Amino acid sequence: MPDEDKKEPAQSGASNRLLQEVLDSLPHWVSVKDRHDHYLLVNHALAGAFGTTPLEFIANKNAGPDESWLPLGESLHEKDKLVLREGSRQEIPRFTVHLQDGSTQIRRLVKFPLLDAQGQPEGIIGWSEDITEQVETEENLARRNQQLMEDLNLAAEFQRTVLPDIEDTEYLAVNHRFLPHSLVSGDVYKWFYNREHEYNFFLGDATGHGFAAAFLAMMVHVSLSNTRGDMPPVDVVKRLNTRLCEQNLDGKFISGVFFRIKQAWCAAR
């Protein structure tokens, strides 16, 4: 028995050194507290961020209340109490911390219960990761998405403005509604008279959705705007097809129909 008693402190010390080595190998901040809010272990990543060694960090924090991290006015002690009282995982998803070198980080902090042999909380394990780059990336994406939405709204307004209103005539009553699947679409229509009082209509739909399809539809609209109203329908379609084929459309196309209604036929009806 005496020999076994002598081995226990040595074994405990070896276990602590091994645990410290494991913690020090981690890039994240890791700490271990007892249920009385005293630090037992911290790793080099955590202590080094504040310009100290693990032992100095522990001595400093245990000398007084740990109020150095108060993210958004919320004391971490409240999280610690919940971990110990409920044995539950607690998280602060985002907070800002100022480091010894004057830099600032945005971090995520998670608290886990350290359980005894009976499964009861006897301490707290703290784990924190630097999410500064992730947050900056998310904020940049949010700004880009905002700009993209503004551009799409502008494009949608332009598309609605460009597409013509279709008015009834003496012989024709025409109804239409433009309801794009998204903010902008590949749907396009065009109508115009010619000198012979014939009514020319084009209805088309570009492949795909969104801005690319809308851009192709606007190309068709511009091309038709420069088309003489007295051209035979087959020539109109051929000319339109030639102009589109001259563009690098990367396999995209537009399907449509062009037709002409003669006023004389309408009058006869």
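Read on for a plain summary of the structure. Per chain, residue numbering runs from 1 following the sequence as it is written. In keeping with the model being predicted, local features are shown solely for residues with a pLDDT of at least 70 and side-chain atom pairs are shown and tallied solely at 80 or more, while totals for entire chains, interfaces and linings include all residues. For side-chain calculations, the full set of non-hydrogen atoms in the structure is used, while hydrogens and water are omitted.

Observations regarding the sheet that holds strand S7 (residues 198–206)
Filter applied, for reference: Any two strands are treated as partners once DSSP identifies two or more bridges connecting them. Under the DSSP-based scheme used, a helix requires at least four consecutive residues in state H or I and a strand at least two consecutive residues in state E, with every element numbered from the N terminus. Axis definition: a line fit to C-alpha positions, over the contact stretch in the case of helices; interaxial angles, taken between N-to-C directions, run 0 to 180 degrees. By the convention used here, residues are in contact when the closest approach between their heavy atoms is within 4.5 Å.
Read across the sheet, 3 strands follow the order S6-S7-S8 without closing on themselves; strand pairing throughout is antiparallel. Each of the sheet's edge strands pairs with one partner strand only, and the pair in question is strand S6 (187–193) and strand S8 (254–262). Averaged over all pairs of adjacent strands, the angle between strand axes in this sheet comes to 10 degrees, irrespective of strand direction. Across the sheet, helix H6 (residues 210–225) lies against S6, S7 and S8, angled at about 10 degrees from S6, the strand it touches most.

A few points about the side chain of Ser128
Here is the rule: Burial classes: relative accessible area under 20% of the type maximum marks a residue as buried, over 50% as exposed, and values in between as partly exposed (1.4 Å probe, protein chains only).
Assignment of secondary structure puts Ser128 in strand S5 (residues 121–130). A relative accessible area of 1% places Ser128 in the buried class. Ignoring any residue separated from it by four or fewer positions in sequence, one finds Ser128 in contact with His28, Trp29, Phe95, Arg107, Arg108 and Leu109.

Some remarks on the side chain of Asp34
To be explicit about the condition: In this tally, Asp and Glu contribute negative charge and Lys and Arg positive charge; neither His nor the terminal groups of the chain are included. The salt bridge criterion pairs a side-chain nitrogen of Lys or Arg with a carboxyl oxygen of Asp or Glu, the two atoms within 4 Å.
With respect to the helices, strands and loops of the structure, Asp34 is situated in strand S1 (residues 29–34). No salt bridge forms around the buried Asp34; measuring N to O, its nearest opposite-charge neighbour Arg35 is 7.9 Å away. Setting aside its immediate chain neighbours within four residues, Asp34 contacts Leu40, Glu122 and Gly123.

A look at the packing of helix H5 (residues 132–162) against H6
Inclusion rule: When an angle is under 35 degrees it counts as roughly parallel; over 145 it counts as roughly antiparallel; between 65 and 115 it counts as roughly perpendicular; any other value is oblique. Two helices cross in a left-handed way if the nearer one is turned anticlockwise from the farther one by less than a right angle. They cross in a right-handed way if the turn is clockwise. In the scheme used here, Gly and all other residues not listed as nonpolar or charged are polar, with Ala, Val, Leu, Ile, Met, Phe, Trp, Tyr, Cys and Pro taken as nonpolar and Asp, Glu, Lys and Arg as charged.
Relative orientation of the contacting elements H5 and H6 amounts to 30 degrees, with a least axis distance of 11 Å. In terms of orientation, H5 lies roughly parallel with respect to H6. Classified by chirality, the crossing of H6 by H5 is left-handed. Each of Leu152, Ala155, Phe158, Gln159 and Val162 in H5 lies in contact with H6, whose residues at this interface are Phe211, Ala214, Met218 and His221. In terms of residue class, the contact of H5 with H6 is built from 7 nonpolar, 2 polar and no charged.

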